[in-house]
Amino acid sequence: MNLASANSGWRARSGGPRNFGLRAGALSDAQRRELLLRGVIGSATILGVRQSSMASFARPFVRAYALPSAVSAAPRGASRPDTNVAGRSGPGHVFWVRVQVEGVLPYETRVRQRMREDDLEWMQPGDVIGCRVDPGDRDRVVLYVPDIADTGRMSISKILSDGRRADATVLAATPVATDYAGRDDPVLRLDLELRAWDEVKPWRVRLIQPVPLAAIGLVDLGQHLEVAFFTVDRGESVAVDWLASLGEE
């Protein structure tokens, strides 16, 4: 089932006008469970993340004594709602994501959702996670962190700390954060050619990662960056080491 052909009859109706990419209303527990069970499968690239101050996040998603059995049928690897009520009075987060689902062009939207602290490590700018989308309202999205074995992806911090090193030549750099307003590091799609001393030949990768403002000059055509990687792939295990590339490390 893709987004274009899916039946939208089950979706919750909104009383206000549609506004793609701008609405970031938090879904209720029931709506999140319904999307996990019945939504269209997709992937979401994190473009930005901010802590939310909305009071609606002051309660836990699911009470410890009333975890619905329907949650167990969520996609394999999907993050379960945190049932530990203690310590969950702080705000949630607003995620700015680029969503990809079968049948439609990639698009950007914002998702207000509360996640477990352990999952936030895997939901930083540039990370790719799983999502489910309402086939009748593409801005109704629920995010989850899939099993690493299912995606082949790993966190940027882990790649930088444990990965092998390579030299990367910039082939192209394209902005993907279309409403970037200068408040955060811009998010770019980087096409790179990598060379490592222990690999026989160079290979090309494509990354979507935030670029520190101080490093914007390093992504011009032909510039060289220091990167970390685990294996030769299309970019799933590659991360740019901006501190090393800037000579600050």
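Residues numbered from 1 in each chain as written. Predicted model: local features only at pLDDT ≥ 70, side-chain atom pairs only at ≥ 80, totals over all residues. Heavy atoms only, no water.

### Quick look at the sheet that holds strand β8 (residues 203-210)
With respect to topology, five strands assemble into an open sheet ordered β8-β7-β6-β9-β10, the strand pairing being antiparallel. Single-partner strands in this sheet number two, and they are β8 and β10 (238-240). Shown here is a sheet whose adjacent strand axes are inclined to one another by a mean of 45 degrees, direction ignored. (Pairing = 2+ DSSP bridges. Helix = DSSP H or I, 4+ residues; strand = E, 2+ residues; numbered from the N terminus. Axes fitted to C-alpha atoms, helices over the stretch in contact; angles between N-to-C directions.)

### Some details on the packing of aromatic side chains
Applying the stated criterion to the full structure yields one aromatic pair. When the ring of W203 is compared with that of F229, the centres are 5.1 Å apart and the planes differ by 65 degrees; the resulting orientation is edge-to-face. Here F229 lies in strand β9 (residues 224-229) and W203 lies in strand β8, a separation of 26 residues in the sequence. You can call W203 buried: its relative accessible area is 8%. (Phe/Tyr/Trp six-rings, centres within 6.5 Å; stacked < 30°, edge-to-face > 60°. Buried < 20%, exposed > 50% of the residue type's maximum accessible area, 1.4 Å probe, protein only.)

### Some remarks on the side chain of Q209
Residue position: Q209 is located in strand β8. Within polar-contact distance, the side chain of Q209 engages the backbone nitrogen of V240 at 3.3 Å. Every residue in contact with Q209, bar those within four places of it in the chain, is listed here: G126, I156, P186, V187, L188, V238, A239, V240 and W242. (Polar contact = N/O pair within 3.5 Å; in protein donor to acceptor, adjacent residues only side chain to side chain. Contact = heavy atoms within 4.5 Å.)

### As for the pairing of strand β3 (residues 107-113)
The two faces of a sheet get side chains in turn, since along a regular strand they alternate between them. Where burial is concerned, most of β3 is hidden: six out of the seven residues are buried. Two strands pair when backbone bridges link them, and strand β2 (residues 93-101) and β3 are joined in this way by seven bridges, in the antiparallel orientation. Across the sheet, the residue bridging to V94 is R112, located in β3. Turn length for the β2-β3 hairpin, with the two strands adjacent in sequence and antiparallel, is five residues, and the turn residue G103 shows positive phi of about 100 degrees.

### Regarding the sheet that holds β2
Hydrogen bonds between backbone groups are what pair the strands of a sheet, and the pairing can be parallel or antiparallel. Pairing is antiparallel in the open sheet, where five strands are placed in the order β3-β2-β1-β4-β5. Among the strands making up the open sheet, the edge pair consists of β3 and β5 (137-144). Direction aside, neighbouring strands of the sheet carry axes that sit 45 degrees apart on average. As paired elements, strand β1 (residues 40-51) and β2 share nine bridges and run antiparallel to each other.

### Here we look at the nonpolar core
With 21 residues, the main nonpolar core has L192, L194, L225, V227, V240 and W242 as its most contacted residues. When residues of this core are traced back to their parent elements, those giving at least two are β6 (164-175), β7 (187-195), β8, β9 and β10. It is β7 that provides the largest number of residues to this core, a total of four residues. Once you skip the residues sitting within four places of it in the chain, L192 turns out to touch A168, T169, V170, L171, W203, R204, V205, L207, L225, V227 and V240. I46, V99, L120 and V133 belong to the second-largest nonpolar core, a separate cluster that totals 18 residues. (Core = buried A, V, L, I, M, F, W, Y, C linked by side-chain atoms within 4.5 Å.)

It is worth stressing that arrangement in space is one thing and function is another; only the former is reported here.
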